[in-house]
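# Examining the three-dimensional arrangement
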Amino acid sequence: MASSDSDSQLKIVHGEAGYILEDVPHFSDYIPNLRTFPNPLRSNPAYSVVKQYFVHMDDTVPQKVVVHKDGPRGVHFRRAGPRQKVYFNSDDVHACIVTCGGLCPGLNTVIREIVCGLSYMYGVNKVLGIDGGYRGFYSKNTITLTPKVVNDIHKRGGTILGTSRGGHDTSKIVDSIQDRGINQVYIIGGDGTQRGAAVIYEEVRRRGLKVAIAGIPKTIDNDIPVIDKSFGFDTAVEEAQRAINAAHVEAESIENGIGVVKLMGRYSGFIAMYATLASRDVDCCLIPESPFYLEGKGGLFEFIEKRLKENGHMVIVIAEGAGQDLLTESMQAMDEKDASGNKLLQDVGLWISHKIKDHFARKNKMAINLKYIDPTYMIRAIPSNASDNVYCTLLAQSAVHGAMAGYTGFTVGLVNGRHTYIPFNRIIERQNKVVITDRMWARLLSSTNQPSFLSPKDYDEAKKAEQAPTQLLEGDNCNDVDGAEKTEEPPTQLLDGDNCNDVDEAEKTEQLPTQLLEGDNLKYEQESGSHAGNGTKTEN
Ligand SMILES: Nc1ncnc2c1ncn2[C@@H]1O[C@H](COP(=O)(O)OP(=O)(O)OP(=O)(O)O)[C@@H](O)[C@H]1O
Ligand SMILES: O=P(O)(O)OC[C@H]1O[C@](O)(CO)[C@@H](O)[C@@H]1O
Ligand SMILES: [Mg+2]
């Protein structure tokens, strides 16, 4: 038997053998006697022929797929997908969508697929777009969204709804939700946005409203924890190749050519790391997580000189958040923040380019030719590529299925290749970062053959950080087996991943031959009793 404890955002179910379900809230947790309806998908011609379409109420997804014989089964998340019963009559649904934070490829695809998913799967036709981020709830007009209006938007970059930073006024937002009679809120945005969504959910629950709050994680930096990767990340890495190629062509065409490319990544260097690994033309990748220094033995200047002597040219990729400590040492400290409270960074690409030029000119060592390319906004303003489009579609549909099924206070996300509902508190508790003592960073170092720039002290600090409980518990980008494997997975596991080919999945598929038909491998079973997952009882 299982035991459970819960508060408004933490709903944990313990099972035997160390099984833990970190469940998401449901309307029935705080609203009694709710009416349910059969899922309209049962009579949808596209789905009714699929025998195993509905997700079983006990389906959960493990956060760790690499486990040891006697190890605990660990944390699980509720599997996303359609449920047999829904908690809304389609005609009564009044949904809204808002996009917040910076741009990211795929925003329009997610908007499109929420609108189309609601309409085509559930017959919901009242969907509003909130104009210009959170503040749009109370200070702007709304946009009526229909399948026709959103039909072509996935081919465009940006967000047709507009976005903003700052302006999160919880009571005004919830007042507006209440006044407009909105009962499903789809919130697309990064870590800040999900924090904002969590407080909206709290207020909605405090007021006892039957309003589903569903988050769709968006971040070009890939800095959201738990999930395999964020949508638009692949597209960004792919687009970064164009800038790196240009830098390489420029650099190799001239004596002692140096190409410097700045990529996004405020606190997390994933774009820089994956763009470097993908390119093979990069000689040195600098990210926020890995400290470096310029002068002296083992420093960047020494490495540049060596590489130029060996190859006659080189390419440096630098994430925007790298080396900020060095910048503040040498320039006047800037303590400006954006409207959301994020620290505004100084242009590290420009700074490092000046430093390199200055160093070689000052020492009169060798004439260098440096070209600095800053493609940052070009990379995030483009439409998503094909694989991200599919990923965005599945995220949007998962969010719609979850809200219709009465879940709330959740973020949708891919965990080990399976779509899940993750409680907000798990998404907002920390940021996902490159772990420099992990295998993936080691792969990068051996691919570029650059120095690690780590002093023994830096190395100790990295080790200590890696052992901090928030990192180790996750199995996410940490240095134990799970973490190492997981960091390794994202680029290959990117899609739905229901058909991913790691051992666990292969074994699982073998054992469940009846689940093979449906792309989601979903299992159809009669749900009885309470809704699919009220979190109070879990049978192992
Ligand atoms: N702790 C918080 N509580 C309430 N609202 C928040 C909080 N943090 C951020 N927000 C709101 O969320 C919105 C987006 O936040 P932010 O600008 O940090 O971008 P983000 O969602 O993190 O996306 P990204 O950083 O990837 O561009 C803003 O409107 C901001 O006011
Ligand atoms: O200039 P903006 O719009 O504030 O966005 C810049 C920031 O947004 C991000 O792309 C995250 O969305 C960061 O990498 C970057 O620092
Ligand atoms: Mg953010």
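Residues numbered from 1 in each chain as written. Chains lettered and ligands numbered in written order. Predicted model: local features only at pLDDT ≥ 70, side-chain atom pairs only at ≥ 80, totals over all residues. Heavy atoms only, no water.

### Quick look at the site of ligand 2
The local shell around ligand 2 consists of Gly-102, Arg-165, Lys-218, Ile-220, Asp-221, Met-264, Gly-265, Arg-266, Glu-320, Tyr-377 and Arg-380. A distance of 2.6 Å is found between an oxygen atom of ligand 2 and a side-chain nitrogen or oxygen belonging to Glu-320. Arg-380 has a polar side-chain atom sitting 2.7 Å from an oxygen atom of ligand 2. Calculation on ligand 2 without its partners gives an accessible area of 400 Å², and the protein chains cover 81% of this total. Grouping the constituent residues of the shell around ligand 2 by class yields 3 nonpolar, 2 polar and 6 charged. (Near = heavy atom within 4 Å. Polar contact = N/O pair within 3.5 Å; in protein donor to acceptor, adjacent residues only side chain to side chain. Areas by Shrake-Rupley, 256 points an atom, 1.4 Å probe, with all protein chains shown as cover. Nonpolar A, V, L, I, M, F, W, Y, C, P; charged D, E, K, R; others polar.)

### Side note on the side chain of His-26
Residue position: His-26 is located in the loop between β3 (19-23) and β4 (37-38). A residue is classified by how much of its surface remains accessible, and His-26, at 0% relative accessible area, is buried. At 2.8 Å, the side chain of His-26 and the side chain of Ser-28 are in polar contact. (Helix = DSSP H or I, 4+ residues; strand = E, 2+ residues; numbered from the N terminus. Buried < 20%, exposed > 50% of the residue type's maximum accessible area, 1.4 Å probe, protein only.)

### Focus on the UniProt feature "binding site: Mg(2+)" (unreviewed entry) in the protein
UniProt feature "binding site: Mg(2+)" (unreviewed entry): in the numbering of this structure it lies at Asp-191. Positionally, Asp-191 belongs in helix α6 (residues 191-206). Overall, the relative accessible area of 17% leaves Asp-191 in the buried class. Not counting the four nearest positions on each side in its chain, Asp-191 is found in contact with Ile-224, Ile-428 and Gln-431. (UniProt positions renumbered as here; feature names shortened; annotations may be inferred. Contact = heavy atoms within 4.5 Å.)

### Comments concerning the confidence of the model for the protein
Across the protein, the average pLDDT comes to 85, with 82% of residues at or above 70. Note on residues 1-6: pLDDT under 50 across the span, and 20 contacts to partners over four residues away in sequence or across chains. Confidence drops under a pLDDT of 50 for residues 468-540, and excluding neighbours within four residues, the segment shows 178 contacts in the predicted structure. Across the predicted assembly, pTM comes out at 0.86 and ipTM at 0.99. (pLDDT = per-residue confidence, 0-100.)

### So, the site of ligand 1
Around ligand 1, 17 residues are found, and the nearest of them are Gly-102, Gly-166, Asp-191, Thr-193 and Ser-340. For ligand 1, an oxygen atom lies 2.5 Å from a polar atom in the side chain of Asp-191. Separating an oxygen atom of ligand 1 from a side-chain N or O atom of Thr-193 is a distance of 2.4 Å. Class assignment of the residues belonging to the shell around ligand 1 gives a composition of 1 nonpolar, 11 polar and 5 charged.

### Comments concerning the packing of helix α8 (residues 270-279) against helix α15 (residues 439-448)
Between α8 and α15, the least distance of the axes is 10 Å, while the angle of their chain directions is 45°. Classified by the angle their axes make, α8 and α15 are oblique. Along this stretch, α8 crosses α15, giving a crossing that reads as left-handed. Facing α8, whose interface residues are Met-273, Tyr-274, Thr-276 and Leu-277, α15 presents Met-440, Trp-441, Arg-443, Leu-444, Ser-447 and Thr-448. Taken together, the residues of the contact of α8 with α15 break down into 6 nonpolar, 3 polar and 1 charged. (Axes fitted to C-alpha atoms, helices over the stretch in contact; angles between N-to-C directions. Parallel < 35°, antiparallel > 145°, perpendicular 65-115°, else oblique. Left-handed = near helix turned anticlockwise from the far one by under 90°.)

### So, the side chain of Thr-235
Structurally, Thr-235 can be placed in helix α7 (residues 233-252). Among the polar contacts made by the side chain of Thr-235, one reaches the side chain of Asp-388 at a distance of 2.5 Å. Once residues within four sequence positions are removed from consideration, Thr-235 is found in contact with Pro-105, Ile-382, Pro-383, Ser-384, Asn-385 and Asp-388.

### A closer look at the environment of Val-435
Tracing the sequence through the fold places Val-435 in the loop between α14 (424-428) and α15. Separated by 62 residues in the primary sequence, Val-435 and Ile-373 place their C-alpha atoms 26 Å from one another.

### Things to note about the UniProt feature "active site" (unreviewed entry) in the protein
Following the UniProt record, the feature "active site" (unreviewed entry) maps to Asp-221 here. With respect to the helices and strands, Asp-221 occurs in the loop between β12 (212-217) and α7. When residues no more than four places from it in sequence are discounted, the contact partners of Asp-221 are Met-264, Gly-265, Arg-266, Ser-268, Phe-270 and Ile-271.

### Observations concerning α15
Among the residues of α15, Met-440, Trp-441, Leu-444, Leu-445 and Thr-448 are the ones counted as buried. Taken around the axis of α15, the buried residues stretch over an arc of 140°, which confines them to a single face. Asn-449 occupies a position one or two residues after α15 and carries a positive phi of about 60°. (Arc of directions from axis to C-beta.)

### Quick notes on the pattern of salt bridges
Counted by the stated rule, this structure contains 25 salt bridges. In this structure, Asp-70 engages Lys-69 in a salt bridge whose closest nitrogen and oxygen atoms are separated by 3.8 Å. Here the residues in one salt-bridge network are Asp-175, Glu-203, Arg-206 and Arg-207, joined through shared partners. (Salt bridge = Lys/Arg side-chain N within 4 Å of Asp/Glu carboxyl O.)

### Quick look at the sheet that holds strand β14 (residues 284-286)
Spatial ordering of the open sheet is given by β14-β15-β13-β16, a layout of 4 strands whose pairing is parallel. Single-partner strands in this sheet number two, and they are β14 and β16 (369-373). Adjacent strand axes in the sheet meet at a mean angle of 15° when their direction is disregarded. Bridge count for strand β13 (residues 257-263) against β16 is 5 bridges, and the pairing is parallel. (Pairing = 2+ DSSP bridges.)

### Here's the deal with the nonpolar core
Counting 114 residues, the largest nonpolar core has Ile-97, Ile-114, Tyr-186, Ile-213, Ile-216 and Phe-231 as the members making the most contacts within it. Looking at this core element by element, the count peaks at 9 residues for helix α2 (residues 107-122). When neighbours within four sequence positions are excluded, Ile-213 is seen to be in contact with Val-185, Ile-187, Ala-197, Ile-200, Tyr-201, Val-204, Thr-408, Gly-409, Phe-410 and Phe-424. In this structure, Phe-301, Leu-326, Leu-327 and Phe-360 belong to the second largest nonpolar core, which totals 26 residues. (Core = buried A, V, L, I, M, F, W, Y, C linked by side-chain atoms within 4.5 Å.)

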